[in-house]
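Given next are the chains, with one letter for each unit.
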Amino acid sequence: MNKISKHLLSAVLFSVGMPAVAQEVADTTLVNVAFQKVAKEDLMGGVSVVDYRSLMEKNYNTYSMDNMQGYVSGFNGAGMWGFTDQLVLIDGVPREANNVKPVEIEQITFLKGAQAVVLYGSRAAKGAVLITTKRGKVTDGLSVNVRANTGWNIAKAYPEYLSSAEYMSLYNEARANDGKAPLYSQQDIYNYASGRNPFRYPDIDFYSSDYIKKAYNRTDVTAEIEGGNERTKFYSNVSYYRQGDFLNFGQAKNNSIDRFNVRGNVDMQLNDFISAYVNANATYYNSKSANGGSYWSQAASFRPNRVAPLLPMDVFDKNSMQVVNVLAGTKNIIDGKYLLGGTQTDLTNIFGDYYAAGHNTWTSRQFQFDAGLNFDLSSVLKGLSFHTTIAVDYATTYTTAYNDSYATYEPTWADYNGKEVIVGLDSHGTQDKHTGNQEISGSTSNQTIAFNAHFDWARSFGEHSVSAMLVANAFQQTISGQYHKPSNANLALQASYDFGKKYYATAALATPWSAKLAEGHRLGLSPSLTLGWKMHKESFMEGSIFDELTLSASYSSLKSDLDIQDYFMYLATYQSGGWADWNGGTGITCMQSKRGGNEALGFISRNEISASVHAALLNKALTIDASYFNSTMKGLIIEAVNQMPSYFFSYYPESSFRSYLNYNNDNRSGFDVAVNYKKQFGDFGVQFGGNVTYYKTKASKRDDDAYENAYQYRQGKPLDAIWGYECLGFYKDQADVDNSPASKLGTTKPGDLKYKDQNGDGIIDNKDQVELAKGGWYGAPLTLGLNLTLKYKDFSLFALGVGGFGGNAVKNNSYWWVMGENKYSAAVRGRWTPETAATATYPRLTTEAGTNNFQPSDFWLYSTSRFDLAKVQLTYDMPKRILGEGIVKGLQIYVSGSNLLTIAKNRQILEMNVGSAPQSRFYNLGVKVAF
Amino acid sequence: MKLKNIFLLGAATVAFTACDDMFTPALENNQDISQMYNDADFARGLLYNAYLVLPYDGSPSTELATDNAVSNDIDNNYKKMATGSWAANNNPINQWDVRYHAIQYCNIMIENAAKVSWGYSNEGMNQMYIDNFLGNAYALRGLHMMYLLRAHAGFVGGEYLGVPIHSSSEDGSSDFNLPRNTFKECVDSIMSDFNKALALLPEEYGDVAEGGVPAKYTKMGADNSHYNRAFGNVQRGKIDGRIISAFKAQLAIMAASPAYAEAGAMTYADAAKYAAECLTKFGGLSGLQQDGWKWYDSDLIDNMGATDKNPAEIIWRGNLEKSNGLESDNYPPTLFGKGRVNPTQNLVDAFPMANGYPITDAKSGYDPKNPYAGRDPRLAAYILVNGSTIGVDDTPINTQADSETLDGLNRENGSSTTTGYYMRKLMRSTINLNPSSNTDAYHLQARIRVTEILLDYAEAANEAQGPKVAVGGAPYTAYDVIKALRKRAGVAVSADPYLEECASSKDKMRELIRNERRLELCFENHRFWDLRRWKANLTESAKGINITNVGGVPTYKTFDVEARDYKDYMIYGPIPYSEVLKWSNLLQNDGWR
């Protein structure tokens, strides 16, 4: 240890980091980390890795980051170590995780610790995910793999809404509660309930098979070709997929997504000391849909009794001239027998839209190109090399559409001899219009340029191994409609030392640059230091149960401008905005102050201590990796709201004299543990992985001057605290209302929610909100991931379970907060009435805004804790003895099911999407052939 | 070879240095305040912020929190305010931020107007621009302060307090922990600002002939072409001397009213004097425009030129603009409107009969079975009652509870009436909202009308000297004013026995004046403030009318639509909660917390 200390002292620049590795990655496997590959055994904490290529042999995924928390610890599905907004790098370049397909991926590395991302600079300050794509290998001839999958998405659950008749009678009840006369007569309700004429008395069920398919298909096919020799290697991947949609009527029937892409790369050894590579990817993506709003949001808001979307022409009174004229003039006769229905209050509706408003295609094209050179500079200095990469990405999107408008008709019904007929049609001013012109809109064009270069030097002197890296990296993105370009510039130096692969030390100093800060404040200094000790190599560990036992610890202080939202936030400035008018002068430009100045505005610092342990036991069949972290984001920026008067800001025209300050601190701490076990028993093989990630957050510094009572202070509370009222149940009766603190939140009557007056001031207002629970906004506080692989001869069975525990949410969507003219969900059946006061599960109904009840409170709080059986796949690899020596070298067949089962107290809530497309289970059948 | 490559790559790095936002931020149009000295457009633009946020609403807002109207929008903030949610941290009438913010810009102009190079070679013209902007800055500071006072002044532990007076601009290093000035100090400071402005601004903007230029400017070499740019027709619509005299009348009547009288800032005699001074500039009572009570729906405004003089009724107005927003909000639903502002039965009942008697008077001849017949013509003009017609096709509107149309009482939440009435005042009846033939029309927003100042005078004169005494230099009495206004509207045209009855008693006259004010100024957002300065009853529930046919005959039943849940202390508004917490010297008004 003394030697290490000496080296530490002599090192001027330092930083931190240690890795944990998961999912059957061998010790000698090279792991992609910042700007280099490191043998897994030399990782010292803060890093987790997934061997994606082998994962895909037993678990076919359709999305790159699908359930990664099932394989690694420290990542919880949303982010790492309590942070979100991690930087995703594909082959070292910032790119979208959904633009790389699982079949293209070799490895995914999770850079969790500050020490692991220091070399990247500002933009990776909240962690980085490195997705590395496959590259060509030396092969005997060409290696060709073809994979095809087809599967069906089946909706898990739909929200339940009341039928027309039930809605109407409960709406009458709501009106009665508000002191209004009923809107619907008993006869109306009877007519709607009877179902005898659904066109006159509609009862639309958005989730019926009239509109929705039971399942939709997703099919893909991929061909991979690779090959090469010692000098040149290549890999290419061509793939296509198509998926449908649940909708089953009108133009929406044709809703679909197509995606085609080609990815390829070439590695070349140019001469003895120069090698080069080129990577390219092109993606073509089209999404076709019917014009109109979102069907699912309409399904959650459009009441069942409002409109009959289709009016059958066979009940039209052909003797009515008005009807005859409409029929002669209309351009939209649906399925040869219907006209589109509407009313004056619902002039158009989603059904009319999907039948007659036209359709559009959203097109996205992405082209990505990387080139790199590696120089072996041993002739200059032994152990020295130079590496550089430049990447250019283009992405464009646009929409092509045929935008039509259409007339809807409100029918006038009459009874002729006991037959109900439509004798009049009123279009209320709506008109049919077919444009026939393709319109192009929403063009965007984005670009990324990334560059990095580094000198690496590595030497061993006996047992002393020394390495160093000097790296410059920068990238810049140009985003349509965004004036400023997200940028990252960083220069960093890292030095590593190990003694006999027993004692490790790594120090780094990065100097991120930010143009968002004032001159003189643009350079940050990010030091990091990591120490590691392979304890099992000590003589005193001989004969212990540990095959490996590595301890490491790390400290880093990363400077970042990631949370500095805008440029020039330090600068007091005036800009023009708004126009003043008077009789003779119009559109006279006004000048507003946009902010007060604060030239001292500085970087935000991620100060982190972490420690890791890696252990292997039972002849390395069992490995355990664990980390602890404690991280504080220091100096987060606030606007000087409490330091300056409220009138320093005005909404219109937006004008402000307030300045920005580095003020808030956010603390995150927690641990993660990964356990992996792998063993072969004759023909039977077992592999198990278990991952646990826990984090907690605390607002460690806040400006709480705006709060009068200590319980309101944000400082010391979780960052994801849900604030709301403590509910004391329903008001029992008018006396209860009269004798309770008056609510400033809205009208209160018996059956409304009664809240606790926390400060005892006799009124209920937002000062009475308290911390209710943790939201889990940065991923579930406790995340569990379990994966199990069982192999018997040529069969393998894979199962993946993921759990998230400790998070909470408020039932605040339109399914739960039913007010005014909202659609009535099944939730309102449990409403409070004087008769059901004892058993009510829902406040009294109202046609008003219900603002007293519809507030965050523990009444609406629910736990989002859950465990999911995320995946089961059965795979059969046809053995060589059956395949023989033909051109087919390998054949794999597999069936899988995704999102099969959820175990949760609130499963029904968690599985129900309100206002968006349903969650689905996915059943897939796949085959892979190797030639 | 290898070194060359390294240099090439080095060059690539340099290429990045050319990228904006990487090493230096891409330029934004950031400008420093010092630019105002050399850039007159910049300097003007600063003051115009105070014009952008003038305290006037073109459609009913605070009115919806009174006994005059309710909104059918369940999310309306004034509705929530009136039904109990009004609090120091939830205050729809908060003026604190927007007014002080505007005052900051006024102060910047006051401190710098003389230092700005207005860009004219003629010294006289430069001086005219200095005077114009300085004068406007003082007037606007006074105006914004007046509206701060109205919304936030109050009673604190036995003393009438106003708000802190900001006499200079502030920056991050200013002392923000300022105590409130007294109500009187605030009124005095506002009057002082108005007087400073009067010394700098002309009585009325308008082109002058040669020789019409004040000597002050001719001495500096200006002629009428210069004057006509700085103070001519093109400046009409900005604040001038006549408008300031109306501000003074408004300030005076507020300060003299029961809610503030004890602060000793103004008396009713003062208020009558300021109102009379203002009215003199508009031709007094004889200048009353006969169709002025329907100024918003007149051919007059369709033919008005941008820099024309205002109609006689209008003291100050907003720009003439073509729109149909007011109509799409307030037309009945069968005419494709949202039916937002629903006048109350309370307001309808306040309209007298055409013979001048209130409907509660035995001599009125009011027939509860035919309640809209024989009424004050203003009722039909301002309010759409059951069976009235409106729109381009004169569509009859059926607001009955048993109506077959969407216009019926509570038929469609959010578009049908909740009171049995729709608003008609302020709207242009030529507008058609049918989606296939959508039209718009000119709207003239009256910020201050002569009628308002006349009513100020009548109120002040009656309080000061009684109904039939001319006060403050005016050649007419409160009685004369009320008589003229009623006659203009077609009420008791030949003889007004009820007015004669009231004229014998100051108290009866007070009630009549207040009622006339309610009718004449309805939907113009005066009622909320008038009730408060009068210390009148704030809690009268808003009522509606439920009409159903019984045996073919409409029957009328009044009902409570919405509570008016105000406490006694709510005659004064609150100081913002957040500011009271932040600044220890800033005291909250009694009752609020």
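See above for the structure.
Read on for a plain summary of the structure. (Residues numbered from 1 in each chain as written. Chains lettered and ligands numbered in written order. Predicted model: local features only at pLDDT ≥ 70, side-chain atom pairs only at ≥ 80, totals over all residues. Heavy atoms only, no water.)

Quick word on the overall build of chain A
Right, on to step 1. When you go through chain A residue by residue, the secondary structure sums to 11 helices and 45 strands.
Right, on to step 2. Here the C-alpha radius of gyration of chain A, 32 Å, is about what a compact globule of 931 residues would show, namely 30 Å.
Right, on to step 3. Judged by the C-alpha coordinates and their principal axes, chain A covers about 105 × 75 × 65 Å.
Right, on to step 4. Counting only carbon and sulfur atoms, one obtains 56% of the accessible surface of chain A, whose full area is about 37,100 Å².
Right, on to step 5. When the 86 positive and 88 negative side-chain charges of chain A are each reduced to one mean point, those points stand 4 Å apart. (Helix = DSSP H or I, 4+ residues; strand = E, 2+ residues; numbered from the N terminus. Rg over C-alpha atoms; globule rule 2.2 N^0.38 Å. Areas by Shrake-Rupley, 256 points an atom, 1.4 Å probe, with all protein chains shown as cover. Lys, Arg positive; Asp, Glu negative; His and termini not counted. Charge placed at Lys NZ, Arg CZ, Asp CG, Glu CD.)

So, the overall build of chain B
Right, on to step 1. Across its full length, chain B carries 20 helices and 14 strands.
Right, on to step 2. For 593 residues, the compact-globule estimate of 2.2 N^0.38 gives 25 Å, and the C-alpha radius of gyration of chain B, at 27 Å, lies within 12% of that figure.
Right, on to step 3. Counting over 593 residues, chain B shows a buried share of 60%.
Right, on to step 4. For chain B, the share of sequence-separated contacts (at least 6 apart) that also reach a separation of at least 24 residues comes to 72%.
Right, on to step 5. Averaging the locations of the 58 positively and 72 negatively charged side chains of chain B gives two centres separated by 2 Å. (Buried < 20%, exposed > 50% of the residue type's maximum accessible area, 1.4 Å probe, protein only. Contact = heavy atoms within 4.5 Å.)

As for the interface of chain B and chain A
Right, on to step 1. Tallying the contact residues gives 83 residues for chain B and 91 residues for chain A.
Right, on to step 2. With both chains or domains summed, chain B and chain A bury close to 7,100 Å², and 58% of this area falls on carbon and sulfur atoms.
Right, on to step 3. Counting every contact that joins chain B to chain A gives 3 salt bridges.
Right, on to step 4. Residue Arg593 of chain B pairs with Asp761 of chain A through a salt bridge whose shortest N-O separation is 3.6 Å. (Buried area = accessible area lost by both parts, 1.4 Å probe. Salt bridge = Lys/Arg side-chain N within 4 Å of Asp/Glu carboxyl O.)

Description of the packing of helix H15 (residues 450–465) of chain B against helix H16 (residues 478–489) of chain B
Residues and elements named next belong to chain B.
Right, on to step 1. Between H15 and H16, whose axes approach to 8 Å, the crossing angle comes to 145°. In the crossing of H15 with H16, the sense of the turn from one axis to the other is left-handed. Listed contacts from H16 to Thr451, Leu454, Leu455, Tyr457, Ala458, Ala461 and Asn462 of H15 are Ala478, Val481, Ile482, Leu485 and Arg488.
Right, on to step 2. The residue makeup of the contact of H15 with H16, split by class, is 9 nonpolar, 2 polar and 1 charged. (Axes fitted to C-alpha atoms, helices over the stretch in contact; angles between N-to-C directions. Left-handed = near helix turned anticlockwise from the far one by under 90°. Nonpolar A, V, L, I, M, F, W, Y, C, P; charged D, E, K, R; others polar.)

As for the nonpolar core
Right, on to step 1. The biggest cluster of nonpolar side chains holds 191 residues, and the ones touching the most others in it are Trp118, Phe183, Phe247, Trp316, Ile383, Tyr457 and Phe523 of chain B.
Right, on to step 2. When sequence neighbours within four positions are dropped, the list of residues in contact with Phe183 of chain B reads Leu149, Ala153, Tyr160, Leu161, Gly162, Met254, Ala255, Tyr260, Ala263 and Ala265 of chain B.
Right, on to step 3. In terms of nonpolar packing, the next biggest core, distinct from the first, is built from 71 residues, Leu247, Phe302, Ala357 and Phe730 of chain A among them. (Core = buried A, V, L, I, M, F, W, Y, C linked by side-chain atoms within 4.5 Å.)

Considerations on the pattern of salt bridges
Residue and element names in this part refer to chain A.
Right, on to step 1. Scanning all chains against the criterion turns up 73 salt bridges over all chains.
Right, on to step 2. Between Arg658 and Glu639 there is a salt bridge, and its shortest N-O distance comes to 3.9 Å. One end of the pair, Arg658, is in the loop between strand E30 (655–656) and strand E31 (660–681); the other, Glu639, is in strand E28 (residues 622–639), with 19 residues separating them in the sequence.
Right, on to step 3. Ionic pairing is found between Arg702 and Asp666, a salt bridge with its closest N-O pair at 2.8 Å. Residue Arg702 is found in the loop between strand E32 (684–701) and strand E33 (721–724), and its partner Asp666 is found in strand E31; the two are separated by 36 residues along the sequence.
Right, on to step 4. Residue Asp666 is classed as buried on the basis of its relative accessible area of 10%.

These values are about where atoms sit, not about what they do.
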